[in-house]
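# Coordinates in review
Each chain, letter by letter, is given below.
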Amino acid sequence: AGHPREGASGHRATHPTQAIHAFAPRVAENVRVSSEPTEPSPWFSSLHRSAREHARIVTHLVRWVVLGGISGGLAGLSAWVFLEVLDRITNLRYDHDWLYLLLPVGGLVLGSLYHYAGGRARGGNPLLIDQIHEPTEWLPRRMAPLILVGTWGSQLVGASVGREGTALQMAG
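Because the structure is a prediction, the values reported are computed rather than measured.

Calculation criteria
- Counting from 1, residues in each chain are numbered in the order their sequence is written.
- pLDDT decides what is reported in this predicted model: residues at 70 or higher carry local features, side-chain atom pairs at 80 or more are listed and counted, and totals for whole chains, interfaces and linings draw on all residues regardless.
- As a rule here, side-chain values come from all non-hydrogen atoms in the structure, and water together with hydrogens is ignored.
- Under the scheme used here, helices are H or I runs from DSSP no shorter than 4 residues and strands are E runs no shorter than 2 residues, and both carry numbers assigned from the N terminus.
- Between the first and last residue of a helix there are one fewer steps than residues, each counted as 1.5 Å, and that sum is the expected span.
- Partly exposed describes any residue whose relative accessible area lies between the buried limit of under 20% and the exposed limit of over 50%, with all areas from a 1.4 Å probe on protein chains only and scaled to the type maximum.
- The set of buried Ala, Val, Leu, Ile, Met, Phe, Trp, Tyr and Cys residues whose side-chain atoms join them within 4.5 Å is what this entry labels a nonpolar core.
- Note on contacts: a residue pair is in contact if any heavy atoms of the two residues lie within 4.5 Å.
- Every case where a carboxyl oxygen of Asp or Glu lies within 4 Å of a side-chain nitrogen of Lys or Arg is listed as a salt bridge.
- Here the axes come from fitting lines to C-alpha atoms, over the contacting stretch only for helices, and the angles between their N-to-C directions go from 0 to 180 degrees.
- Should an angle fall under 35 degrees it is taken as roughly parallel, and over 145 as roughly antiparallel, whereas 65 to 115 is taken as roughly perpendicular and any remaining angle as oblique.
- Asp, Glu, Lys and Arg are counted as charged, while Ala, Val, Leu, Ile, Met, Phe, Trp, Tyr, Cys and Pro are counted as nonpolar; the rest, among them Gly, fall into the polar class.
- Two aromatic rings from Phe, Tyr or Trp, using only the six-membered ring of Trp, form a pair when their centres are within 6.5 Å; if the ring planes differ by under 30 degrees the pair is stacked, by over 60 it is edge-to-face, and anything between is tilted.
- Two limits define a charge over a ring: the Lys NZ or Arg CZ must be within 6 Å of the ring centre, and within 35 degrees of the ring normal.

### Quick word on helix H5 (residues 143-157)
- A rise of 1.5 Å per residue sets the reference length of H5, with its 15 residues, at 21 Å; its end C-alpha atoms lie 21 Å apart and thus fit the reference within 8%.
- Among the residues of H5, those classed as buried are Met143, Leu146, Ile147, Leu148, Gly150, Thr151, Trp152, Ser154, Gln155 and Val157.
- Just downstream of H5, glycine 158 is the residue with a positive phi angle, here 95 degrees.

Set out below in C-alpha cells:
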C-alpha cells in the first residue's frame, strides 16, 4: 500500500473516487469518536467574546450617529427658519419705513413679555454662560422661544439687536 491509489487489497484503483473509498477505512481508524461534547478552545471563546463586544460597540456607535444626525438636522432646520424669517422681517421693515415709529411700543411690549413671562430666561446670555461653566439647573425651556420672538419683534420695529446672542441662546 505504497501508492495513494492503491487499495487495502494491494491492487491499484483506476478512478480517483475508488482511491478515496479505498483510503477511507484507514482514515476512519485514526478518528476517535466521542459522545462527550468538546469544549471550545480559548481562542474561540475570546473570538466570540470579542465579536459580542464589537457588536455592542457598533450598536452604540450607530445609535449616537443617528441621534447626532437628528440633533444636527433639527438645529440646522431651526437656524434656517430663524434666519429666513429674520431676512423677511428685515425686508418688510425696509419696505415700510413707518414701522420705525413703532419702536417705543415694540420695546414696551417685548420688555413686558420678558418681565412677566420670562422667569429665569430673563438672565439671557449671562445665565447661559454661567450654566456652561457651573451647571446647576437646566436652562428654562421658554428661553429659546422668547429670544426668537424678541429678536424678530425687535428687528421688525428697527431696534438695534444682533443675531449672535439669539443664536447662542437658541443653541443653549
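From this point, the narrative continues.
### Some words on the nonpolar core
- In terms of nonpolar packing, the biggest core is built from six residues, these being Ala121, Leu127, Leu128, Leu139, Met143 and Leu146.
- Secondary-structure elements contributing two or more residues to this core are helix H4 (124-133) and H5.
- Those residues in contact with leucine 127, other than ones at most four positions away along the chain, are Arg120, Leu139, Pro140 and Met143.

### Notes on the pattern of salt bridges
- Within this structure, the stated rule accounts for one salt bridge.
- Of the charged contacts, one joins arginine 88 and glutamate 84 as a salt bridge, the two residues approaching to 3.2 Å between their closest N and O atoms. On the criterion of helical spacing, the pair formed by arginine 88 and glutamate 84 is a turn pair, its members being four residues apart in helix H2 (residues 42-95).
- Judged by relative accessible area, glutamate 84 falls into the partly exposed class, the value being 27%.

### Quick notes on the packing of helix H3 (residues 103-117) against H5
- It is the contact of H3 with H5, at a shortest axis distance of 9 Å, that shows an interaxial angle of 170 degrees. When the axis of H3 is compared with that of H5, the two are roughly antiparallel. Together, Leu103, Gly106, Leu110, Leu113, Tyr114 and Ala117 of H3 and Leu146, Ile147, Val149, Gly150, Gly153, Ser154 and Val157 of H5 make up the contact between the two elements.
- Of the residues belonging to the contact of H3 with H5, the class tally is nine nonpolar, four polar and no charged.

### Some thoughts on the packing of aromatic side chains
- A complete count under the given rule lists zero aromatic pairs for this structure.
- Taking the ring centre of tyrosine 94 as reference, the NZ or CZ of arginine 93 above it sits at 5.1 Å.

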